[in-house]
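Overview (structure and organization)
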Amino acid sequence: MEKTTSTPANSGSAGLFSRLARKKDSLLDSLVPGWTDSRIENQLFVHATKESKAARTPKGFRQFAMKTSDGTVNAYETGKGPTVVFVHGWGGGANQFFPLMRGLAQCGFRSVAFDHLGHGGSEQKPATLHQTIATTNHVLDKVRHGQDGLCAIVGHSTGCIAIAAARNALVRDLPLFMISPVFNYKLFFLKKLVKLNLHTDIVKKYANGFAREYRGEYQKLELARNLDKYSDSTVIAHDESDNESSIEESIKFCDKYPLTKLLTTKDWDHQRIINSESVWQQLKSHLNYDDTSVNFTAEVVYR
């Protein structure tokens, strides 16, 4: 019997579209230098999605705006007492911390969380790593000089980098709580770049450019290089199934700096761990609050 070879009907057209897209990007980049870079940076650093708007404000929370030198930042606060500041990571938002903030309000703390530029309800401007550090500095400084003072800082993902790279005078001697920290920013960045689903050659070109800039611009910001001086006042919470930032890097850091406490969880992943019972209990303990009568639930009631 004669064999026949089956070829997907759209294989030729798919290859054609790929070549056309590549030519289009190359042509635009030659006509408008930096067009490709600008397009990628817009997708990486400005999260202009359906979720890029202020989150609903829960009962007992106040939404307010903070003006920085880079733009207006959307923020939330709840509770009264010594203030805990929450710093989200790349693609996250202040709303990720609402359950923890509400819980701390019951414990006699004031909590403040904000959307980085390019995120949530803040101005849609590029949220580069350097810019998130600048915004974090601004918020910490404002809270530190407020009536209640700054008593602790909680970070998630690349927000942990922003905290550790903030001005030393703002962070020194404070309890730090790092959730799903990113120790290898270079790898984290390249993973995000690949997920944009751009043409391979375009991704490769931008990745090579980033690699050249990494040593001078970003390597000095890597978490381990800045967190070491706060190792005796830090707790790290990391999930074993985290596929965005490996728990192995957290283990390695805590082995080198044994005064850093490591909380490991299972099956909570990179995001959901934030509002796990284990993180809640450890956060209370880190703040020297041992009242077990405060029940924690991740469910938030909105107005």
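To keep things clear, this report deals only with the structure shown in the data block. (Residues numbered from 1 in each chain as written. Predicted model: local features only at pLDDT ≥ 70, side-chain atom pairs only at ≥ 80, totals over all residues. Heavy atoms only, no water.)

1. Quick look at helix H4 (residues 129–144)
Going by this rule: Numbering of helices and strands runs from the N terminus; a helix is a DSSP stretch of H or I covering at least four residues, while a strand is a stretch of E covering at least two. A helix is expected to span 1.5 Å multiplied by its residue count minus one. Burial classification: accessible surface area is computed with a 1.4 Å probe over protein chains only, and a residue below 20% of its type maximum counts as buried, one above 50% as exposed, and the rest as partly exposed.
Its 16 residues give H4 an end-to-end C-alpha distance of 22 Å, which sits within 8% of 22 Å, the value for a rise of 1.5 Å per residue. Within H4, the full set of buried residues consists of Leu129, Gln131, Thr132, Ile133, Thr135, Thr136, Asn137, Val139, Leu140 and Val143.

2. Overview of the packing of aromatic side chains
Short version of the rule: Pairing of aromatic rings covers Phe, Tyr and the six-membered ring of Trp, with a centre-to-centre limit of 6.5 Å; geometry is then stacked below 30 degrees between planes, edge-to-face above 60, and tilted otherwise. By definition here, charges over rings are those cases where NZ of Lys or CZ of Arg is within 6 Å of the ring centre and within 35 degrees of the ring normal.
Under the defined criterion, the tally for this structure stands at 17 aromatic pairs. On the numbers, 5.4 Å between centres and 35 degrees between planes, the contact of Phe183 with Phe253 is tilted. In this pair, Phe183 is assigned in the loop between strand E6 (176–179) and helix H7 (185–194) and Phe253 in helix H10 (residues 247–256), connecting sequence segments 70 residues apart. Each member of the pair Phe183 and Phe253 is classed as buried. Three or more aromatic residues joined by ring pairs make a cluster, and in this case those are Trp90, Tyr185, Phe188, Phe189, Tyr206, Phe210, Tyr214 and Tyr218. Over the face of the ring belonging to Tyr214 we find Lys186, whose NZ or CZ atom lies 5.2 Å from the ring centre.

3. Concerning the nonpolar core
How we decide: For this analysis, a nonpolar core means a set of buried residues of the types Ala, Val, Leu, Ile, Met, Phe, Trp, Tyr and Cys, connected via side-chain atoms within 4.5 Å. By definition, residues are in contact when any of their heavy atoms lie within 4.5 Å.
Judged by nonpolar contacts, the single largest core of 54 residues is most densely connected at Leu44, Val85, Ile153, Val171, Leu176 and Leu227. Excluding residues within four positions of it along the chain, Ile153 makes contact with Val85, Val87, Leu140, Ile163, Leu170, Val171, Leu174, Pro175, Leu176 and Phe177. Ranked by size, the runner-up nonpolar core spans 31 residues in total, among them Phe61, Ala237, Leu287 and Phe296.

4. Some thoughts on the pattern of salt bridges
Pairs can form between side chains of opposite charge once their charged atoms are near each other. We count it as follows: Salt bridge criterion: a side-chain nitrogen from Lys or Arg within 4 Å of a carboxyl oxygen from Asp or Glu.
Evaluated as defined, the whole model comprises eight salt bridges. Salt-bridge contacts for Arg62 lead to Glu77; the nearest nitrogen and oxygen are separated by 2.6 Å. Here Arg62, found in strand E1 (residues 62–67), pairs with Glu77, found in strand E2 (residues 72–78); they are 15 residues apart in sequence, far enough to count as distant. Residue classification places Glu77 among the buried residues on the basis of a relative accessible area of 14%. One salt bridge in this structure joins Lys192 and Glu244, with 3.6 Å as the shortest N-O distance. Of this pair, Lys192 sits in helix H7 while Glu244 is found in the loop between strand E7 (234–239) and H10, placing the two residues 52 residues apart along the sequence. According to the relative accessible area criterion, Lys192 is partly exposed, its value standing at 23%.

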